[in-house]
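These are the residues of each chain, in order.
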Amino acid sequence: MKYARLTKEQFEELHQEFINFLATQSITADEWAKLKVEKPEVAEEELDVFSDLIWEGVLKKVKYLEHISPKQLMLFHITDAFMELIAIKIDKEEVDITTEYGYKWLQQNLHDDAVSLYTSTKAIKEDRNKDVFILIQQGAVITKGELYIYFSDLLKE
């Protein structure tokens, strides 16, 4: 398995897609029920293959990721060739940027000595989707890139 098995909730959401997947494998509903009982290891493999297919489809579409923690904001822009990062670190004890107050403080105090801004670009050498998946496993979430674009524009000024 290349990624991770989908959760029960994700399988429930993708119920129709899973049925279609089984159909492409020439597995009927009755055969699936029988397979789960008589050959659970084969059923497990089918779940894994389906999970990887879903992950591949999702990951190839990802253009932006965000990872926000109380003292750090990491914004990623991912293309086919590069992964660009804008990282913002807050060194002020009473500020937690995961709160509304903390985020407003950050917006109003970007030039404060307690705020450090870093940028980085990394070439994607091997498996782009695997790199994206690792970031998601570490807590990043897929976004439309509004924050990345906002801070990217600020850095250009």
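Calculation criteria
- Per-chain numbering applies: the sequence of each chain, read as written, is numbered from 1 onward.
- Owing to the predicted nature of the model, reporting of local features is limited to residues with pLDDT of at least 70; listing and counting of side-chain atom pairs is limited to 80 or more, with chain, interface and lining totals taken over all residues.
- As a convention, hydrogens and water are excluded, and side-chain values are obtained from all of the structure's heavy atoms.
- Secondary structure elements follow DSSP: runs of H or I of four or more residues count as helices, runs of E of two or more count as strands, with numbering from the N terminus.
- Values of the radius of gyration come from C-alpha atoms, whereas the globule rule sets the reference at 2.2 Å times the count of residues to the power 0.38.
- Accessibility here uses a 1.4 Å probe with only protein chains present; expressed as a share of the type maximum, an area under 20% marks a residue as buried, one over 50% as exposed, and anything in between as partly exposed.
- Each accessible area is a Shrake-Rupley estimate made with a 1.4 Å probe; only the visible protein chains count as cover when residues are assessed.
- A positive count includes Lys and Arg, and a negative count includes Asp and Glu. His and the chain ends are not counted in either.
- By convention, the charge on Lys lies at NZ, on Arg at CZ, on Asp at CG and on Glu at CD.
- What we call a nonpolar core is a set of buried Ala, Val, Leu, Ile, Met, Phe, Trp, Tyr and Cys residues that are connected through their side-chain atoms within 4.5 Å.
- The contact rule is simple, with two residues in contact once any of their heavy atoms fall within 4.5 Å.
- If DSSP finds at least two bridges between two strands, the strands pair.
- To obtain an axis, a line is fitted to C-alpha atoms, over the contacting stretch when the element is a helix, and the angle between two such axes runs from 0 to 180 degrees between their N-to-C directions.
- By definition, turning the near helix anticlockwise from the far helix through less than a right angle yields a left-handed crossing, and turning it clockwise yields a right-handed one.
- Side-chain rings of Phe, Tyr and Trp (the six-membered ring for Trp) are treated as a pair once their centres are within 6.5 Å; stacked means planes under 30 degrees apart, edge-to-face means over 60, and tilted covers the remaining angles.
- When a carboxyl oxygen of Asp or Glu is within 4 Å of a side-chain nitrogen of Lys or Arg, the pair counts as a salt bridge.

Participant: How should I be thinking about the overall build of the chain in this particular structure?
Facilitator: When you go through the chain residue by residue, the secondary structure sums to 7 helices and 5 strands. The linear arrangement of helices and strands in the chain, starting from the amino end, is α-α-α-α-β-β-β-α-β-α-β-α. Taken against the 2.2 N^0.38 rule, which gives 15 Å for 157 residues, the C-alpha radius of gyration of the chain at 21 Å runs more than 25% over that of a compact globule. Referenced to the eigenvectors of the C-alpha coordinate spread, the extents of the chain come out at roughly 65 × 35 × 20 Å. By residue count, 35% of the 157 residues in the chain fall in the buried class. Just so you have it, the chain exposes about 10,200 Å², and 52% of that area is on carbon and sulfur atoms. Once the 19 positive and 30 negative side-chain charges of the chain are each reduced to a mean point, those two points are 2 Å apart.

Participant: For this particular structure, what's the right way to read the nonpolar core?
Facilitator: Soluble globular proteins: nonpolar side chains tend toward being buried together. One finds Phe-18, Trp-32, Leu-65 and Ile-78 to be the most contacted residues of the largest nonpolar core, which totals 28 residues. Where this core is concerned, the elements lending two or more residues are helix 2 (15–24), helix 3 (29–38), helix 4 (40–59), strand 2 (72–78), strand 3 (82–90) and helix 6 (128–137). No other element matches helix 4, which puts 5 residues into this core. Contacts of Leu-65, omitting those with residues within four sequence positions, involve Met-74, Leu-75, Phe-76, Ile-78, Val-132, Leu-135, Ile-136, Ala-140, Val-141, Ile-142 and Thr-143. With 16 residues, the next largest nonpolar core counts Tyr-64, Ile-86, Leu-106 and Tyr-148 among its residues.

Participant: I would appreciate a short explanation of the pairing of strand 1 (residues 64–69) in the present structure.
Facilitator: Consecutive side chains along a regular strand alternate between the two faces of the sheet. In the sheet, strand 1 pairs with strand 2 via 6 bridges, with the strands oriented antiparallel. By the bridge assignment, Ile-68 is partnered in strand 2 with Leu-73. Hairpin connection of strand 1 to strand 2: 2 residues between the antiparallel strands. Inspection of the sheet shows strand 1 paired to strand 5 (residues 141–143) by 3 bridges, in the antiparallel sense.

Participant: Is there a simple way to think about the packing of helix 2 against helix 4 in this case?
Facilitator: In a pair of packed helices, the angle between the axes and the distance between the axes together describe the arrangement. Closest axis-to-axis distance for the helix 2/helix 4 pair is 11 Å, and the angle between their directions is 115°. Along this stretch, helix 2 crosses helix 4, giving a crossing that reads as right-handed. In contact with Glu-17, Phe-18 and Phe-21 of helix 2, helix 4 contributes Glu-46, Leu-47, Val-49, Phe-50 and Leu-53.

Participant: Can you help me understand the packing of aromatic side chains in this one?
Facilitator: Here a ring pair, both rings aromatic, is described through the centre-centre distance and the interplanar angle of the planes. For the structure on display, the rule yields 10 aromatic pairs. A centroid spacing of 6.0 Å and a plane angle of 25° characterise the contact between Phe-18 and Phe-21, whose relative ring orientation is stacked. Here Phe-21 and Phe-18 lie together in helix 2, a separation of 3 residues that amounts to about one turn. Side by side, Phe-18 and Phe-21 carry an identical accessibility label, which is buried.

Participant: Explain the pattern of salt bridges to me, please; I cannot follow it from the model alone.
Facilitator: Once the charged atoms of two side chains with opposite charge are near each other, the side chains can pair. Counted under the stated rule, the structure contains 8 salt bridges. Here Asp-127 and Lys-2 are joined by a salt bridge, their closest N and O atoms 2.7 Å apart. With Asp-127 in the loop between strand 4 (115–123) and helix 6 and Lys-2 in the segment before helix 1 (8–13), the pair connects residues that are 125 residues apart, well separated along the chain. The class of Asp-127 is partly exposed, set by a relative accessible area of 26%. In this structure Lys-2 comes out as partly exposed when scored by relative accessible area, which is 33%. Two residues, Arg-5 and Asp-48, come together in a salt bridge whose shortest N-O distance is 2.7 Å.

Participant: Would you mind going over the environment of Lys-125 with me for this structure?
Facilitator: For Lys-125, the location among the structural elements is in the loop between strand 4 and helix 6. For the pair formed by Lys-125 and Phe-82, sequence separation is 43 residues and the distance between their alpha carbons is 8.7 Å.

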